[in-house]
Amino acid sequence: MLRLVVWLLVLANAGYFAWTQGYLAPLGLAPVDQSEPERLRAQIHPEALRLLNGPKDSAAADPVAEPAAVPAPVASETGPADASATAAEATPATTASSGTPTALNTPAAPPPPATACWQANGFTPAQADALRSALSGSGLPRDRWQLGEVKLGGRWVVYMGRYNDEQIERKKTELRTIGVAFRELSGPLSPGLALGTYSSESAAQQALQDVSQKGVRTARVAQERTETSAWNLRLPEVTDAQRGTVAGLGAALAGKRLQRCN
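Each chain carries its own residue numbering, running from 1 in the written order of its sequence. Local features are withheld for residues below a pLDDT of 70 in this predicted model, meaning they are given only at 70 or higher, and side-chain atom pairs are given and counted only at 80 or more; totals for whole chains, interfaces and linings count all residues. Note: side-chain values were computed over all heavy atoms of the structure, leaving out hydrogens and water.

Draft legend 1. Up close: the overall build of the protein chain. Looking only at helices and strands, one finds seven helices and eight strands in the protein chain. Three exposure classes are used, based on accessible area relative to the maximum for each residue type with a 1.4 Å probe and protein chains only: buried under 20%, partly exposed in between, and exposed over 50%. Buried residues in the protein chain amount to 21% of all 262 residues. Throughout, a residue-residue contact means that at least one pair of heavy atoms, one from each residue, lies within 4.5 Å. Here the contacts in the protein chain between residues at least 6 apart in sequence split such that 75% fall between residues at least 24 apart. Note on areas: these come from Shrake-Rupley sampling with a 1.4 Å probe, and a residue is covered only by the protein chains present in the view. Accessible area of the protein chain: about 19600 Å², with a carbon and sulfur share of 56%. Think of it this way: any DSSP run of H or I at least four residues long counts as a helix, any run of E at least two long counts as a strand, and we number them from the N terminus.

Structure, rendered in structure tokens:
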């Protein structure tokens, strides 16, 4: 019984397969065709169909999109010279629109020359007058040099002298032995020795008493310089070339040398 059921199922499946595949159509046994050719024939331009959620800007996604028309080049009636002029006129506009400076190769301005302060001191009034005249005619700007007067007070020394060469050497030895400092003098008091220099006579007298207690018996107070004035030259801000101009004034500098400002 079971075998009969199996064979019936096999025959039923085979018959259904033959029916669905149209093998029984000659016998009038075929499935109904579900196609609707009349609906396909009613469609108009199906290739123009677009997806609403599809890409909008891509030319590949829009098979019917027509490329933008490219205008045909217009033949120019101008010659090569006119074309060159047109290109030259267009160049400044491009430069101006981009904000780029036109002079790209302009060299940078060189830095100003270095300056320094120099001075020379100790000119007498007569020497200062000669120096002022020379500076005025040197071409150096007036704001580059200053000539000012400085008041010099009197100067006193504890003095030993005057000696010849043999005597002064013997006095130096004696002073070194008792531990008294000294310096050799030049000018009106030479040859002689100063055991101290002071800005007032009273200070010099007190110093004389001090060295007398150490055994100095022949010293006295003398005025080395009276109250006077001197003139100083100052070049507050000059270049090396301007300093060379002043150094080349010769006799107007009265033998003084320019030195850096303190």
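Draft legend 2. Looking closely at the nonpolar core. We call a set of buried Ala, Val, Leu, Ile, Met, Phe, Trp, Tyr and Cys residues a nonpolar core when their side-chain atoms join them within 4.5 Å. Among the nonpolar cores identified, the biggest contains 18 residues, and Leu131, Leu233, Leu235 and Val246 are the most heavily contacted of them. When contributions to this core are tallied by element, the ones reaching two or more residues are β1 (116-123), α4 (125-136) and β7 (228-238). Setting aside anything within four residues of it in sequence, one finds Val246 in contact with Leu135, Leu140, Leu233, Leu235, Leu253 and Leu258. In this structure, Met160, Ala204, Ala207 and Val216 belong to the second largest nonpolar core, which totals 16 residues.

Draft legend 3. Quick peek at unusual backbone geometry. The peptide bond linking Gly161 to Arg162 adopts the cis configuration, its omega dihedral lying at 0 degrees. The step from Ser190 to Pro191 runs through a cis peptide bond, and the omega angle for that step is -5 degrees. One non-glycine residue, Ala254, adopts positive backbone phi at about 55 degrees. Along the chain, Ala254 turns up in the loop between α7 (240-247) and β8 (259-260).

Draft legend 4. Quick peek at the pattern of salt bridges. Salt bridge criterion: a side-chain nitrogen from Lys or Arg within 4 Å of a carboxyl oxygen from Asp or Glu. The final tally for this structure, using the stated rule, is seven salt bridges. Here Lys171 ties to Glu174 by a salt bridge, and the two come within 3.7 Å at their closest N and O atoms. In this pair, Lys171 and Glu174 both sit in helix α5 (residues 165-178), three residues apart, roughly one turn of the helix. Residue class for Glu174 comes out partly exposed when judged on its relative accessible area of 40%. A network of salt bridges, in which partner residues are shared, links Arg155, Arg183 and Glu224.

Draft legend 5. Representation of the side chain of Thr239 within the structure. Within the element layout of this structure, Thr239 appears in the loop between β7 and α7. Its relative accessible area of 15% is what places Thr239 among the buried residues.

Draft legend 6. Summary view of the state of the cysteines. Two cysteine sulfur atoms make up a disulfide if the distance between them is within 2.5 Å. Under the definition given, this model contains one disulfide. Cys117 shares a disulfide with Cys261; S-S distance 1.9 Å. The S-S bond linking Cys117 to Cys261 shows a torsion near -70 degrees; that makes this disulfide left-handed. Of this pair, Cys117 sits in strand β1 while Cys261 sits in the segment after β8, and the two are 144 residues apart along the sequence. A relative accessible area of 17% places Cys117 in the buried class.

Draft legend 7. Molecular detail of α4. Expected helix span is given by 1.5 Å per residue-to-residue step, counting one fewer step than there are residues. In this model, α4 (twelve residues) spans 17 Å end to end at C-alpha, consistent with the 16 Å of a helix rising 1.5 Å per residue. Buried within α4 we find Ala128, Leu131 and Leu135. Along the axis of α4, the buried residues cluster in a sector spanning 65 degrees; they form a single face. Summarising the geometry of α4, the exposed residues directed more than 90 degrees from the buried face are Ala126, Ser133 and Ser136. Where α4 is buried, its residues meet β1, β2 (146-152), β7 and α7. Comment: arc refers to directions from the helix axis out to C-beta atoms.

Draft legend 8. Up close: the confidence of the model for the protein chain. Note on scores: pLDDT gives the predictor's confidence for each residue, bounded by 0 and 100. For the protein chain, the mean per-residue pLDDT works out to 80, and 74% of the residues sit at or above 70. For residues 74-81, every residue scores under 50 in pLDDT, and the model assigns this stretch zero contacts once sequence neighbours within four places are set aside.

Draft legend 9. A look at helix α6 (residues 201-212). An ideal rise of 1.5 Å per residue puts 16 Å on twelve residues; α6 measures up with 17 Å between its terminal C-alpha atoms. Looking only at α6, the buried set comprises Ala204, Ala207, Leu208 and Val211. Down the axis of α6, the buried side of the element spans an arc of 110 degrees, and every buried residue falls inside it. Turning to α6, the residues buried within the fold contact β3 (155-161), β5 (192-198) and β6 (220-225).

Draft legend 10. Seen up close, the environment of Leu249. Note on placement: Leu249 falls in the loop between α7 and β8. Accessibility expressed as a relative area gives 21% for Leu249, which makes it partly exposed. The spatial distance from the C-alpha of Leu249 to the C-alpha of Leu131 is 8.4 Å, given a sequence separation of 118 residues. Residue contacts for Leu249: discarding those within four places in its chain leaves Leu131, Ala134, Leu135 and Ser138.

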